[in-house]
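Structural features, examined
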Amino acid sequence: MVTILTILASCSYSRHSYEKISNLAQGSAYHVTYKGSNPEKIKKGVDSIMSAVDNSISLYNPLSVITKINNNKDMKTDSIFNDLFRISEKLYYETDGCFDVSSGPLFNFWGFGARTDSLFMKYSEEERRDTIRQIMKLTGIDGYRLHDGKLEKPHSASEINFNAIAQGYTCDIVGKYLEKNGITDYLIEVGGEILCKGLNRNGEEWSIGIDRPVDGNLLAGSDIQEIISVSGKGIVTSGNYRKYIIENGTKYSHTINPKTGYPVKHNLLSATVIADDATTADAYATYFMVIGVEKAKEILSERSDLEGYLIYGDPESPQGTEVYYSKGLKIRTMIKNNTDGSK
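Residues numbered from 1 in each chain as written. Predicted model: local features only at pLDDT ≥ 70, side-chain atom pairs only at ≥ 80, totals over all residues. Heavy atoms only, no water.

Side note on the overall build of the protein chain
A tally of regular secondary structure across the protein chain gives eight helices and 16 strands. Burial status across the protein chain gives 55% buried among its 343 residues. A sequence separation of at least 24 residues applies to 61% of the contacts in the protein chain between residues at least 6 apart. Within the structure as shown, the protein chain displays about 15,500 Å² of accessible surface, and the carbon and sulfur contribution to it stands at 49%. (Helix = DSSP H or I, 4+ residues; strand = E, 2+ residues; numbered from the N terminus. Buried < 20%, exposed > 50% of the residue type's maximum accessible area, 1.4 Å probe, protein only. Contact = heavy atoms within 4.5 Å. Areas by Shrake-Rupley, 256 points an atom, 1.4 Å probe, with all protein chains shown as cover.)

Here is the structure:
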């Protein structure tokens, strides 16, 4: 998952009632800002959650549940894995297979998964097609069975990869922990995925920056396209401008279409999704990057539970890009090439 959202904080407010904690997590970092006290206690609790998630579904952890399952060392699952699997299973059918966490072997082949050596470069185009056809026999979450605390795989070489949903899911778990401790004003950011509720230190909704999706914009917050106000929602952006491979002048994005086995080729540069929870926002940001701008627009126009901000290439635009956003989105700043989704 590409993490391209930046938290914008004011320096003019009183700090006495808000705390901020942070640490490393899931190959990145987390930051939690909340209204309350006892930062040592809260940090201990959040770190405990991060550790539990890491031990369950992190591909960076050689001893995690998911790593053992992928390596056929142990098929026993835990509650976090089970929950994410069930959610992912539902999303698989909801998206007609365009969101598929069993696409791990495809990500490995293209160099965007647990393996990063870009196996596809070793093959001719014809060999790639044949190899991808074979790999796709290993994918499809409908071929898995989860029962009695164990996962049954369709093939020993099949792999699960929760990266497209794990950080949003983690935000939601942390949010439940904070609310259990009486905290109702907070912003949680895990690797760029965000869940925020209540108000910030200024007594306003939280301000979230959407980065401009241009190649070379590697530092979150260094080039912001838009600022929106959000509260009581999860917000996640996915894009193809930070993680990609170029071979002989051809750009291969990290977004793989599970139904074709190939990186997507369309003009949607980034998709920001706002939903009631960060898990859904995370999944649908990835889903939109798979299906492209026109289908994403259709879904946003049909779904009252989702809002979105889509940036896509348009050679006829003076800026080279256009924007589509949901009519209910609270825009803080405007750029000249915005297109209101209500039109």
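Some words on the confidence of the model for the protein chain
Per-residue confidence for the protein chain gives a mean pLDDT of 87, with 85% of residues at or over 70. Low confidence marks residues 1-15, where pLDDT is under 50. Its contacts with residues over four positions away, or in another chain, come to 57 contacts. (pLDDT = per-residue confidence, 0-100.)

Points about the packing of aromatic side chains
For any pair of aromatic rings, geometry is given as the distance between the ring centres together with the angle between the planes. Counted under the stated rule, the structure contains 10 aromatic pairs. Summarising the aromatic geometry, the rings of Tyr92 and Tyr93 are spaced 5.2 Å apart at their centres and angled 85° between planes, so their arrangement reads as edge-to-face. Exposure remark for Tyr92: the relative accessible area of 14% places this residue in the buried category. For Tyr93, a relative accessible area of 54% puts it in the exposed group. Relative to Phe288, the ring of Tyr287 has its centre 6.0 Å away and its plane inclined at 40°; by these criteria the two rings are tilted. We classify Phe288 as buried; its relative accessible area is 0%. Among the aromatic residues, those joined into a ring-pair cluster are Phe81, Phe85, Tyr144 and Phe162. (Phe/Tyr/Trp six-rings, centres within 6.5 Å; stacked < 30°, edge-to-face > 60°.)

A few points about the packing of helix α1 (residues 39-57) against helix α3 (residues 79-94)
Put simply, α1 and α3 touch, their axes get as near as 8 Å, and they point 70° apart. What the angle tells us is that α1 and α3 run roughly perpendicular. In this structure, α1 meets α3 at a crossing whose hand is right-handed. When α1 is examined against α3, the residues Ala52, Val53, Ser56 and Ile57 are found in contact with a partner set consisting of Ile80, Phe81 and Leu84. Broken down by class, the residue content of the contact of α1 with α3 amounts to six nonpolar, one polar and no charged. (Axes fitted to C-alpha atoms, helices over the stretch in contact; angles between N-to-C directions. Parallel < 35°, antiparallel > 145°, perpendicular 65-115°, else oblique. Left-handed = near helix turned anticlockwise from the far one by under 90°. Nonpolar A, V, L, I, M, F, W, Y, C, P; charged D, E, K, R; others polar.)

Examining helix α7 (residues 278-291)
With 14 residues, α7 extends 20 Å from end C-alpha to end C-alpha; this agrees with the ideal 20 Å at 1.5 Å per step. Among the 14 residues in α7, 13 count as buried, and that is most of the element. For α7, the side-chain oxygen to backbone nitrogen distance between the N-cap and Thr279 is 3.2 Å, and the N-cap itself is Asp277. (Expected span 1.5 Å × (residues − 1). Polar contact = N/O pair within 3.5 Å; in protein donor to acceptor, adjacent residues only side chain to side chain.)

A closer look at the pattern of salt bridges
Counted according to the given criterion, the structure contains 12 salt bridges. A salt bridge links Arg86 to Glu89; the nearest nitrogen and oxygen atoms lie 3.2 Å apart. Placement of both Arg86 and Glu89 in helix α3 is noted, with a separation of three residues, approximately one turn of the helix. Since its relative accessible area comes to 19%, Glu89 is described here as buried. (Salt bridge = Lys/Arg side-chain N within 4 Å of Asp/Glu carboxyl O.)

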